[in-house]
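# Understanding the architecture of this molecule
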Amino acid sequence: MAKPKVYVTREIPERGLKIIKERFDAEVWPEYGPPPKQVIIEKVTDVDALVSLLSDKIDGEVFDSAPKLKIVSQLAVGYDNIDVEEATKRGIYVTNTPGVLTETTADFAWALLMAVARRVVEADKYVRSGKWKVGWHPSMFLGRDVYGATIGIVGAGRIGSAVAKRAKGFNMRILFYDVVPRPELEKMGAKKVELETLLREADFVSVHVPLLKSTYHLINEERLKLMKKTAYLINNSRGPVVDEKALYKALKEGWIAGAGLDVFEQEPTPVDNPLLTLDNVVVAPHISSASYETRSRMAEMVAENLVAFFEGRKPPNLVNPDVMKVRPLSKLF
Ligand code: GLV
């Protein structure tokens, strides 16, 4: 039997790509940057499977040109770039790579938090640019203590909970906001509060919600105004969860003390994004899960989801289980 055809929208780490190339008839977009949408539309016309990244918009237009497409295997935990409802309607399975990147992503939230609170990037630039001329000064680069402060975790799922564990090690008071109960967090001493209470009381607000209609601009002008003037906002979830224009105003006008951002409303963020002019902002290019081991494991999971599916098994990380009613595996294989 012919091998199923797969289009892979980027060179994913070798551990996963090797399996995909062995098991499938695979074509890989060879460039560092993403394929234009038109290329994806052309490439999917005769494929059985698509491997996507969070920067690829996979919607009805793509599905329209992919009559044989049965599964989209995404290299990411978030999948807001995929129209899952549309996929489900058409009987297309969608998978992601949860779990494996939890600790790596929480580490990076912590890195942003520490960096902005203790002004690591500003201080680095100061030394490199030859501005360090007066030796030690008692009020040079004063920042805020992390140890013993209050953290507010917005969205206490896997990654939010992993951030809470780090906060516990820093003897922090932990508040969290979520739309579902999180008994594990309460057991470790974290307190569930309303979002407004969290924003009023936290010294560090760390955002870990998926991007949904209900979380778009969750952190808006009104809510930023509730935060303490001395507080910091950390976001390594999805850019559109924070209203960037409002955040710029908040930082510029001193409603809050600083921000650590790994994600932006538009990615790559334009170099003239006014947020980039502010010293009290630490930025990164959406790299929170970027450790060697985690990215390799994510690629392997992408392959495992495909292999399971084409062996007629439920993929381990299916995000749209309802699809099994629309197109049961028994009808596919
Ligand atoms: C990264 O942002 C991911 O969703 O995995």
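Read on for a plain summary of the structure. Given the structure is predicted, the values throughout are model-derived calculations rather than measurements. (Residues numbered from 1 in each chain as written. Predicted model: local features only at pLDDT ≥ 70, side-chain atom pairs only at ≥ 80, totals over all residues. Heavy atoms only, no water.)

## Quick look at the layout of surface pockets
There is about 260 Å³ of room inside the second largest pocket. Taken together, 13 residues form the lining of the second largest pocket, with Met1, Ala2, Lys3, Pro4 and Phe310 sitting closest to its centre. Looking at side-chain class alone, the lining of the second largest pocket contains 8 nonpolar, no polar and 5 charged residues. (1 Å grid on protein atoms, 1.4 Å probe; cavity = no way out; pocket = protein on both sides within 12 Å on 5 of 7 lines; lining within 4 Å. Points joined across faces, edges and corners; volume = space filled by probe spheres on them. Nonpolar A, V, L, I, M, F, W, Y, C, P; charged D, E, K, R; others polar.)

## Some words on the site of the ligand
Lining the immediate environment of the ligand, one finds Leu54, Ala76, Val77, Gly78, Leu101, Arg238 and His286. Within the backbone of Gly78, a nitrogen or oxygen atom sits 2.8 Å from an oxygen atom of the ligand. In this structure, an oxygen atom belonging to the ligand sits 2.7 Å away from a side-chain N or O atom of Arg238. In isolation the ligand exposes 200 Å². Once the protein is present, 89% of that is buried. Looking at the shell around the ligand residue by residue, the class counts come to 4 nonpolar, 2 polar and 1 charged. (Near = heavy atom within 4 Å. Polar contact = N/O pair within 3.5 Å; in protein donor to acceptor, adjacent residues only side chain to side chain. Areas by Shrake-Rupley, 256 points an atom, 1.4 Å probe, with all protein chains shown as cover.)

## Things to note about the side chain of Asn235
Tracing the backbone through its elements, the reader meets Asn235 in strand S10 (residues 232-235). Reaching out from Asn235, the side chain makes a polar contact with the side chain of Ser237 at a distance of 2.6 Å. When neighbours within four sequence positions are excluded, Asn235 is seen to be in contact with Val207, Val242, Gly260, Leu261, Asp262 and Val263. (Helix = DSSP H or I, 4+ residues; strand = E, 2+ residues; numbered from the N terminus. Contact = heavy atoms within 4.5 Å.)

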